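Chain and residue survey
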Amino acid sequence: MRARARSRAAVIASIVLVACTGDSGQPTVSASSSPALLAPGGADSLPATVAALPTTDAASFRSLLEELRGTPVVVNLWASWCEPCEREMPMLSQAARAHPDVQFLGVDTLDAREGAEEFIAEYEVPFPSLFDPDGVIRTDLDSFGLPVTVFFDADGSQVGKVDGELDHAALDEHLATI
């Protein structure tokens, strides 16, 4: 049922996108061209647009976290097919906008790129995400299911992790530690 609704939404989004093209035939607004919210002093290798979705592996992910030292980081592992991920993403998006000094980073896990792009657009995710089709980052973080949210302080130390759906109280508590 949800897949059918997403398919309809994708068709509608395509029609709207075509209707929003300028004289050049290029879209005037696109989720993939939206600039990502990047914390000051962030890493050069962070995706510059929200839906760039570069494919990553565990070593590249760890390297990115190393680049982000000096900036608190919230990493959220999600998938477009994950209902708890759908429920928590509006809260995470709001928190990312409210905490510009914290780098929020999504990791689309065990998913299809098309579903991920639709999810990012549907939930207006303002922060960059990486694409992990094999789930290696989730394994590297010693987690099993989805969603997973991991909190790193500015020194790069992991100071918290929530396996499963995040709620406002847990998010606020962990944000206060970073």
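This text gives an overview of the structure that appears in the document. (Residues numbered from 1 in each chain as written. Predicted model: local features only at pLDDT ≥ 70, side-chain atom pairs only at ≥ 80, totals over all residues. Heavy atoms only, no water.)

1. Comments concerning the overall build of the protein
This is how the line gets drawn: Only runs of H or I of at least four residues qualify as helices and only runs of E of at least two qualify as strands under DSSP, and these elements are numbered from the N terminus. Per-residue accessibility, obtained with a 1.4 Å probe over protein chains only, is compared with the maximum for each type, and a residue is labelled buried under 20%, exposed over 50%, and partly exposed between these values. Contacts are assigned to residue pairs with any non-hydrogen atoms lying within 4.5 Å of each other. Shrake-Rupley sampling with a 1.4 Å probe provides the accessible areas, and residues are treated as covered by the protein chains on show and by no other component.
Scanning the protein from terminus to terminus reveals six helices and five strands. Ordered by position from the N terminus, the helices and strands of the protein form the series α-α-β-α-β-α-β-α-β-β-α. Expressed as a percentage of its 178 residues, the buried residues of the protein come to 44%. Looking at the protein alone, contacts between residues at least 24 apart form 67% of all its contacts between residues at least 6 apart. Entry remark: accessible area of the protein is about 8,900 Å², with carbon and sulfur atoms responsible for 54%.

2. Brief notes about the pairing of strand β5 (residues 158-163)
Let me state the cut-off plainly: Two strands qualify as a pair provided DSSP detects at least 2 bridges between them.
Judged from the five bridges that link them, strand β4 (residues 148-152) and β5 form a sheet pairing that is antiparallel. Bridging from a neighbouring strand, V150 pairs with K161 of β5. Connecting the antiparallel pair β4 and β5 is a turn made up of five residues, with G156 showing a positive phi of about 90°.

3. Digging into the nonpolar core
Counted only if it meets this: Side-chain atoms within 4.5 Å link the members of a nonpolar core, which is a set of buried Ala, Val, Leu, Ile, Met, Phe, Trp, Tyr and Cys residues.
Core analysis: the biggest nonpolar cluster contains 48 residues, and F61, V75, M89, F104, L171 and L175 have the highest contact counts within it. Among the elements of the structure, α2 (58-67), β1 (73-78), α3 (83-98), β2 (103-109), α4 (113-122), β3 (129-132), β4 and α6 (168-177) are those that each provide at least two residues to this core. Per-element accounting of this core gives the leading share, six residues, to α3.

4. Considerations on the packing of aromatic side chains
Spelled out, the test is: Any pair of Phe, Tyr and Trp rings, taking the six-membered ring for Trp, is counted once the centres come within 6.5 Å. Such a pair is stacked with planes under 30 degrees apart, edge-to-face with planes over 60 apart, and tilted for the rest.
Across all of its chains, the model carries three aromatic pairs by this definition. Considering the side-chain rings of W78 and F119, the 4.4 Å spacing of their centres and the 15° angle between planes classify their relative orientation as stacked. Placement of W78 in strand β1 and of F119 in helix α4 is noted, with a sequence separation of 41 residues between them. Taken as a pair, W78 and F119 share a single burial class, namely buried. An angle of 35° between the planes, with centres 5.9 Å apart, marks the rings of F104 and F127 as tilted. Highlighted residues: F104 in strand β2 and F127 in the loop between α4 and β3, separated in sequence by 23 residues. Each member of the pair, F104 as well as F127, carries the same accessibility label: buried.

Any link to function would need more than the numbers given here.
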